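What follows is the residue order along each chain.
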Amino acid sequence: MVFAIEEINNSTELLPGIKLGYQIYDSCGSVSVTVHVAFQLSSGLDPVFYTSNNCSQSGMVMAVVGESGSTPSISMSRIIGSFNIPQVSHFATCACLSDKQQYPTFFRTIPSDQFQADALAKLVKHFGWTWIGAVRSDSDYGNNGMASFLDAAHKEGICVEYSESFYRTHPRSRIQRVADVIRAAKDETVCDGTEDIQMIQSPYTDTSQLRITNMVYKAVYAIAHAIHNAVCQETNSTTQCDKFTKTEPKEVLTQLKEVNFSQNGYDVSFDANGDPVAKYELVNWQKTESGRIELVTVGHYDASLPAGQEFSINRKLTWVEGGTQVPVSVCTDSCPPGSRKVLQKGKPMCCYDCIPCRGEISNATDSRDCFPCPKEFWPNAERDTCLPKPVEFLSFNEVLGIILAVFSVGGACLTIITAAVFYHHRTSPIVRANNSELSFLLLFSLTLCFLCPLTFIGPPSEWSCMLRHTAFGITFVLCVSCVLGKTIVVLMAFKATLPGSNVMKWFGPPQQRMTVVFLTFIQVLICTIWLVLSPPFPMKNLTTYKERIILECALGSAIGFWAVLGYIGLLAVFCFVLAVLARKLPDNFNEAKLITFSMLIFCAVWITFIPAYVSSPGKFTVAVEIFAILASSFGLILCIFAPKCFIILFQPEKNTKKHLMNKN
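The notes below deal with the structure included here.

What counts, and at which threshold
Residues numbered from 1 in each chain as written. Predicted model: local features only at pLDDT ≥ 70, side-chain atom pairs only at ≥ 80, totals over all residues. Heavy atoms only, no water. Helix = DSSP H or I, 4+ residues; strand = E, 2+ residues; numbered from the N terminus. Buried < 20%, exposed > 50% of the residue type's maximum accessible area, 1.4 Å probe, protein only. Areas by Shrake-Rupley, 256 points an atom, 1.4 Å probe, with all protein chains shown as cover. Axes fitted to C-alpha atoms, helices over the stretch in contact; angles between N-to-C directions. Parallel < 35°, antiparallel > 145°, perpendicular 65-115°, else oblique. Left-handed = near helix turned anticlockwise from the far one by under 90°. Contact = heavy atoms within 4.5 Å. Nonpolar A, V, L, I, M, F, W, Y, C, P; charged D, E, K, R; others polar. Salt bridge = Lys/Arg side-chain N within 4 Å of Asp/Glu carboxyl O. Pairing = 2+ DSSP bridges. Patch = residues over 30% accessible without salt bridge, like charges linked within 9 Å, V, L, I, M, F, W, Y side chains within 5 Å. Core = buried A, V, L, I, M, F, W, Y, C linked by side-chain atoms within 4.5 Å. Disulfide = S-S within 2.5 Å.

Right, let's talk about the overall build of the chain for a bit. Per the secondary structure count, the chain includes 18 helices and 19 strands. For the chain, the proportion of its 664 residues judged to be buried stands at 42%. When the accessible surface of the chain is summed, it comes to about 36,200 Å², and 60% of that surface belongs to carbon and sulfur atoms.

What follows covers the packing of helix α9 (residues 399–424) against helix α17 (residues 619–650). Taken N-terminus to C-terminus, the directions of α9 and α17 make an angle of 25°; their axes are 10 Å apart at the nearest point. The orientation of α9 relative to α17 falls into the category roughly parallel. For the pair α9 and α17, the crossing hand works out as left-handed. Residues Leu400, Leu404, Phe407, Ser408, Gly411, Leu414, Thr415, Thr418, Val421 and Phe422 of α9 form the contact with α17, whose own contacting residues are Phe620, Ala623, Ile626, Leu630, Phe634, Ile637, Phe641, Lys644, Cys645, Ile648 and Leu649. Residue composition of the contact of α9 with α17, by class: 16 nonpolar, four polar and one charged.

Our next topic: the pattern of salt bridges. Across all of its chains, the model carries eleven salt bridges by this definition. One salt bridge connects Asp275 with Arg108, and the closest N-O pair in it is separated by 2.5 Å. The class for Asp275 is buried, based on a relative accessible area of 3%. On the accessibility criterion, Arg108 (0% relative accessible area) is buried.

The subject of this paragraph is the sheet that holds strand β12 (residues 311–313). As summarised here, the arrangement of the three strands in space is β10-β11-β12, forming an open sheet in which the pairing is antiparallel. Whereas interior strands pair on both sides, the edge strands pair on one side only; in this sheet they are β10 (279–287) and β12. For this sheet, the mean angle separating the axes of adjacent strands, direction not counted, is 30°. Summarising the sheet, strand β11 (residues 293–302) and β12 pair through three bridges and their orientation is antiparallel. Counterpart to Tyr301 in the pairing with β12 is Phe311.

Strand order across the open sheet formed by three strands is β1-β2-β3, with parallel pairing between neighbours. Of all strands in the sheet, those with a lone pairing partner are β1 (64–65) and β3 (106–108), marking the two edges.

The next thing to look at is the packing of helix α2 (residues 31–43) against helix α3 (residues 70–80). Where α2 contacts α3, the two axes come as close as 9 Å, and the packing angle between them is 25°. The orientation of α2 with respect to α3, classified from their angle, is roughly parallel. Pair α2 / α3 crosses with right-handed handedness. Facing α2, whose interface residues are Val31, Thr34, Val35, Ala38, Phe39 and Ser42, α3 presents Thr71, Pro72, Ser75, Met76, Ile79 and Ile80. Looking at side-chain class alone, the contact of α2 with α3 contains eight nonpolar, four polar and no charged residues.

A word on a nonpolar patch on the surface. Judged by side-chain polarity, Phe521, Leu525, Ile529, Val532 and Leu533 come together as a nonpolar surface patch covering roughly 540 Å² of accessible area. Inspection of the secondary structure assignment puts Phe521 in helix α14 (residues 509–533).

Let's shift gears to the nonpolar core. Most often, soluble globular proteins keep nonpolar side chains buried together rather than apart. Within the largest apolar cluster, 68 residues are counted, with the highest numbers of intra-cluster contacts made by Phe472, Phe602 and Trp606. Counting only elements with at least two residues in this core, the list comes to α9, α10 (429–433), α11 (436–451), α13 (462–496), α14, α15 (558–582), α16 (591–615) and α17. Other than its neighbours up to four places away in sequence, Phe472 contacts Cys452, Phe456, Leu467, Leu565, Ile568, Trp606, Glu625 and Ile629. Membership of the second largest hydrophobic core comes to 30 residues, among which are Leu15, Ala226, Leu256 and Val259.

This brings us to the pairing of β11. Relative to β11, β10 is paired through nine bridges, and the arrangement is antiparallel. Bridge pairing links Lys279 to Asp302 in β11. Hairpin connection between β10 and β11: a loop of five residues separates the two successive antiparallel strands, and Gly291 in this loop has a positive phi of roughly 95°.

To continue, consider the state of the cysteines. Note on terminology: disulfide describes a covalent bond linking the sulfur atoms of two cysteines. Applying the stated criterion across every chain, the model contains eight disulfides. Each disulfide pairs two cysteine sulfurs, and for Cys94 the partner residue is Cys96, the sulfurs being separated by 2.4 Å. As the torsion about the S-S bond is roughly 130°, the Cys94-Cys96 disulfide counts as right-handed. Sulfur-sulfur distance for the disulfide between Cys373 and Cys386 comes to 2.0 Å. The sign of the S-S torsion, about -90°, decides the handedness of the disulfide formed by Cys373 and Cys386: left-handed. With Cys373 in the loop between β14 (352–356) and β15 (377–379) and Cys386 in strand β16 (residues 386–388), the pair connects residues that are 13 residues apart, well separated along the chain. Cysteine Cys452 shares no disulfide, and the gap to the nearest cysteine sulfur, in Cys449, comes to 6.0 Å. On the accessibility criterion, Cys452 (5% relative accessible area) is buried.

Written out as structure tokens, the structure reads:
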């Protein structure tokens, strides 16, 4: 301060012709001494001090530089503020001193702790430390500063494991307790208590660092500029100062609020709270090759810069024992993508468990939530990205599809071979005795029934969905209608053998054809209404399985589907009842017995089909329907035509009219 005042007194630009006086007091870090001096300054100094004519205002205090601590500064400001005496502190950083309601005359050349707290929080966040301990001085400065830091740390997502305080006058037991808390914490011991404090270098013993003294230098110049603006005027490019003008501290206070100058490359001004622009140099203790510890500037914090650009580090840092690896200080390691954070009960927000996502994803570190994928996507194995769901349908390229297709084509071929055998032996008694016209129509319908499953295999389309259900319904009605016609023919043939009976003229070949056409037409009508009103259509089933898409045919109208099946079932039951009635007719080769067995198989298959169809998931629904079609078709051809083909091919001696007419 002496250096700054002498520099100003020798200046020809700042306060020319006026010399500033000063007195320096040492408060010894005591609040009571500070208060005593504050009252002395407010009351005016001894009037005999500098009584010569060279002094304009004997003992008048224009401003105070100090205090260096926040707690003494608070006490001093409450006293001298009542007398409008400006106070410029060089080292009091408590954020509370920015409150102009309580401290209207307080200024400082060092930034408020509010900015320091923000800078420290950003420094901690820069290194990824989320789990730290904090120690403060048990004073106004320490307690208010810690409160500001804890608030800033919370905003940055940083957790504080402990916050302890002590003061130099506290008993040893109190200080020992704080030391024990630090040792018991988690984030490693950096000292063991055997170090020699006299060998440790600090800013207070390093004369190459003038950070604190520079603040005093700027404080003195700020007051000098305020006095200059109060007593000096610019005239004709020259400065005239009247040292005999009576200047009140209140005038200096007013001018101090408007001070704005640059000194030795440092800009000095005050905001509405009496605070300067917050600019910090980030310093790092580094050991030189000679083993000496130096404070090296490695970065900056400038609160005047845009958000996100205030903090910067432009040099490598040295950590404990010369290491360059940034220490890890977290309560819990970061949760990787594919998981989410779940806070541990009763612990700070930085202590959490990492829970893997289930059916969802998280693509960022430390994600708080897992997010569902779009409907047609599914998480990958790492659960950090969404992949298209695999599409499932009964395909010709898979084993199940190939097996069903082989049985379908095989059944059709077997039916064609049977038809060929029957056609080749169409004049034989066994073929003629079993209504060859209905037999060939039945074989034709069975061929279509065997080929129906091919429309169920492959990706569903609009046409295939409509074709597969309607074709299946119509061909099966045609098939059952033929069986029903053959059953009625057997009954009619028996009745015709009775004396005086002419029943066969009422159910001859024309009537048989009309019966088949009429019964089939009813099914065609049902299918037509179904297709017109609400036809089956292809759809993507996203509900049965979450992890894959099922391509299937929606029924459109469930009533239409069950009407088709119900009509087939009604004909089958009617046919079965007639076949049972005719099974004991006294013919050597009674076809009604074979029809009874075939209808038993047919009904059993379709009765078991219903619960299996409803409960089968995905492509297996289609497989169950194909199996029912094939099983019932094979039941019909094997029960009705296999015995006849066996006799035709391997027992031709039984294929005679005499044998057929022979009664048991």
